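# Observations on the model geometry
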Amino acid sequence: MPNRIVNDAYEVALDGLDVGKESGLEIDKVNKIKRGIQRVNLLIVIVDWVSRRRLDKDAVACVYDESGEIRAHIHESIMEEYSDIRHGSVMVLKRIAILDIDEKERCLNVHPNNVVTILPPETKRRTTPSLI
C-alpha cells in the first residue's frame, strides 16, 4: 500500500471518540476476518477516492487507515446528507458490514445507521492556548 498521510480530521475523530487507534478495528484486521458477511463495531477510515456514476444512486469509494485499504459501497442517502465526501474526508463507522465480493476482495457496505460522523478533510485539531 502506498504511504498515505493521516490527516488532522482522522486525529480529531480519534480524539472526539476518546479512543486510541487500538480501540478501532484496522482494515488489515478486517481483511483477515472469517469469510462471509461479518460486522465490526467501530472503524475509522480516510477516503482516498469516491465515484458516483450518473446511473448509480450509491457511491463507490476506496478508504484506508494506517494498516491498509478496502473498497466501500456508500448508500445514496449518505451521499445526499454529506454531499462533500471527497479525498481526505474521514468516516467514523459503527456496526459496519463487511461483504465478500469474491474469494480475494471484500468491501464495506455503508448505510446511514452505520455513520457516526463524517469529517471534511480540512477539519483541524483544536489547540488549547498556553496559559504560560
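Residues numbered from 1 in each chain as written. Predicted model: local features only at pLDDT ≥ 70, side-chain atom pairs only at ≥ 80, totals over all residues. Heavy atoms only, no water.

## Quick look at the overall build of the chain
Summing up its helical and strand segments, the chain has 3 helices and 6 strands in all. Split into buried and exposed, the 132 residues of the chain put 38% on the buried side. When contacts within the chain are restricted to residue pairs at least 6 apart in sequence, those whose partners lie at least 24 apart make up 65%. Total accessible area on the chain is roughly 8,200 Å²; 48% of this is exposed by carbon and sulfur atoms. (Helix = DSSP H or I, 4+ residues; strand = E, 2+ residues; numbered from the N terminus. Buried < 20%, exposed > 50% of the residue type's maximum accessible area, 1.4 Å probe, protein only. Contact = heavy atoms within 4.5 Å. Areas by Shrake-Rupley, 256 points an atom, 1.4 Å probe, with all protein chains shown as cover.)

## Remarks on the nonpolar core
Counting 21 residues, the largest nonpolar core has V63, I74, M91, L93, L108 and V110 as the members making the most contacts within it. Within the residue set of this core, elements represented by two or more residues are β1 (38-51), β2 (59-65), β3 (68-74), α3 (76-81), β4 (90-100), β5 (106-110) and β6 (115-119). Discounting residues that sit within four places of it in the chain, L93 has contacts with N41, L42, L43, V45, L108, V110, N114, V115 and V116. Core analysis: the second largest hydrophobic core is formed by 10 residues, A9, Y10, L42 and L119 among them. (Core = buried A, V, L, I, M, F, W, Y, C linked by side-chain atoms within 4.5 Å.)

## Remarks on the pairing of β2
Counting buried positions along β2 yields 6 of 7 residues, so the element is predominantly enclosed. Sheet topology note: the β1/β2 ladder contains 5 bridges and is antiparallel. Each residue of the ladder has a partner; that of S51, found in β2, is V60. Examined bridge by bridge, β2 and β3 share 7 bridges and lie antiparallel to one another. Counted as the bridge partner of A61 is A72 from β3. Hairpin connection from β2 to β3: 2 residues lie between these consecutive antiparallel strands. (Pairing = 2+ DSSP bridges.)

## Focus on the side chain of T123
Looking at where T123 falls in the secondary structure, it is placed in the segment after β6. At a separation of 2.8 Å, a polar atom in the side chain of T123 contacts the main-chain carbonyl oxygen of P120. For T123, the contacting residues outside a window of four places in its chain are D8, A9 and V12. (Polar contact = N/O pair within 3.5 Å; in protein donor to acceptor, adjacent residues only side chain to side chain.)

## Focus: the environment of C62
Tracing the chain through its elements places C62 in strand β2. C62 sits in the buried class, given a relative accessible area of 7%. Each C-alpha atom of the pair C62 and I46 lies 8.6 Å from the other, and the pair is 16 residues apart in sequence. Each residue touching C62, except ones within four places of it in the same chain, is listed here: I46, V47, D48, W49, E69 and I70.

## Notes on the confidence of the model for the chain
When pLDDT is averaged across the chain, the result is 78; 70% of the residues are at 70 or more. Throughout residues 128-132 the model reports pLDDT below 50, and contacts reaching past four residues in sequence, or to other chains, amount to 0 contacts. (pLDDT = per-residue confidence, 0-100.)

## Points about the pairing of β4
Relative to β4, β1 runs antiparallel, the two being bridged by 8 bridges. Across the sheet, L42 pairs through a bridge with K94, a residue of β4. As defined by bridge partners, β4 adjoins β6 across 4 bridges and the pair is classed as antiparallel. What sits directly across from L93, in β6, is V115. Pairing between β4 and β5: 4 bridges, direction antiparallel.

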